[in-house]
Amino acid sequence: WLPDITPVLKLRGFLARPAFRKCGCNLQIARNVCIAFPQFLILGRDVYLAFGCWIHAAGEITIQDEVLVGPYAAIVSGDHTIVGRSYRFGNAERRQISLCKGSWIGAHATVLKGVTIGEGAMLAANGVATQDIAPMTIAGGVPAKVLKQMTEAG
């Protein structure tokens, strides 16, 4: 019920710190963020988690410094396997995810297990990263494909 203004975002981040494996300074968390298995989540400094994003960290997730995770984004380090004709009781398959320094996960985007988003890279809104995204790259679509290779100047 508290508004998403900077002091409240920082307060939420501060209060959540003990739940994480490791957490840098200035974590900002907006309302309705959901984090499953926070004990397997490593956060750098100056990380921003926007409204309604969902993080499933059972396979371990590292979010480095200065990363933005957009509204309603999903970062999912595990999925189910099929047994017979049902996924209901299949074993979970988990793999690590890394969001490197300065990367941006757009609104409603999804990062799947085993993916690394490179330094300064962006996954565009509604994109689904099924494979690694190289540093300084903009990727989007389902599944995400390279849209633009950037330089340091932009």
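As the structure is a computational prediction, the values presented were derived from the model and not from experiment.

### Structural notes on the overall build of the chain
And then number 1: Scanning the chain for helices and strands turns up one helix and 19 strands.
And then number 2: For the chain, whose C-alpha radius of gyration is 15 Å, the value lies close to the compact-globule estimate of 15 Å for 154 residues.
And then number 3: Each of the three principal axes of the chain carries a C-alpha extent, and together these read 50 × 35 × 25 Å.
And then number 4: Taken across its 154 residues, the chain has 43% of its residues classed as buried.
And then number 5: The long-range fraction of contacts in the chain, counting pairs at least 24 apart against all pairs at least 6 apart in sequence, stands at 18%.
And then number 6: Carbon and sulfur atoms make up 58% of the accessible area of the chain, which totals about 8,300 Å².
And then number 7: Computed over 15 positive and 10 negative side-chain charges, the separation of the two mean positions in the chain equals 7 Å.

### Some details on the sheet that holds strand 17 (residues 128-129)
The strands making up a sheet are joined through hydrogen bonds of the backbone, oriented either antiparallel or parallel.
And then number 1: Spatial strand order, 3-6-9-14-17: five strands in an open sheet with parallel pairing. Edge positions in the open sheet fall to strand 3 (34-36) and strand 17, since each of these has one partner strand only.
And then number 2: As judged from the three bridges shared by strand 6 (residues 54-56) and strand 9 (residues 74-76), these two strands associate in the parallel manner. Across the sheet, Trp54 pairs through a bridge with Ala74, a residue of strand 9.

### Topic: helix 1 (residues 6-16)
And then number 1: Turning to helix 1, its buried residues number three or more, namely Val8, Leu9 and Gly13. The buried residues of helix 1 occupy an angular sector of 140 degrees when projected down its axis, which confines them to one face. Turned more than 90 degrees off the buried face of helix 1, the exposed positions are Pro7, Phe14 and Leu15.

Calculation notes
Residues numbered from 1 in each chain as written. Predicted model: local features only at pLDDT ≥ 70, side-chain atom pairs only at ≥ 80, totals over all residues. Heavy atoms only, no water. Helix = DSSP H or I, 4+ residues; strand = E, 2+ residues; numbered from the N terminus. Rg over C-alpha atoms; globule rule 2.2 N^0.38 Å. Buried < 20%, exposed > 50% of the residue type's maximum accessible area, 1.4 Å probe, protein only. Contact = heavy atoms within 4.5 Å. Areas by Shrake-Rupley, 256 points an atom, 1.4 Å probe, with all protein chains shown as cover. Lys, Arg positive; Asp, Glu negative; His and termini not counted. Charge placed at Lys NZ, Arg CZ, Asp CG, Glu CD. Pairing = 2+ DSSP bridges. Arc of directions from axis to C-beta.

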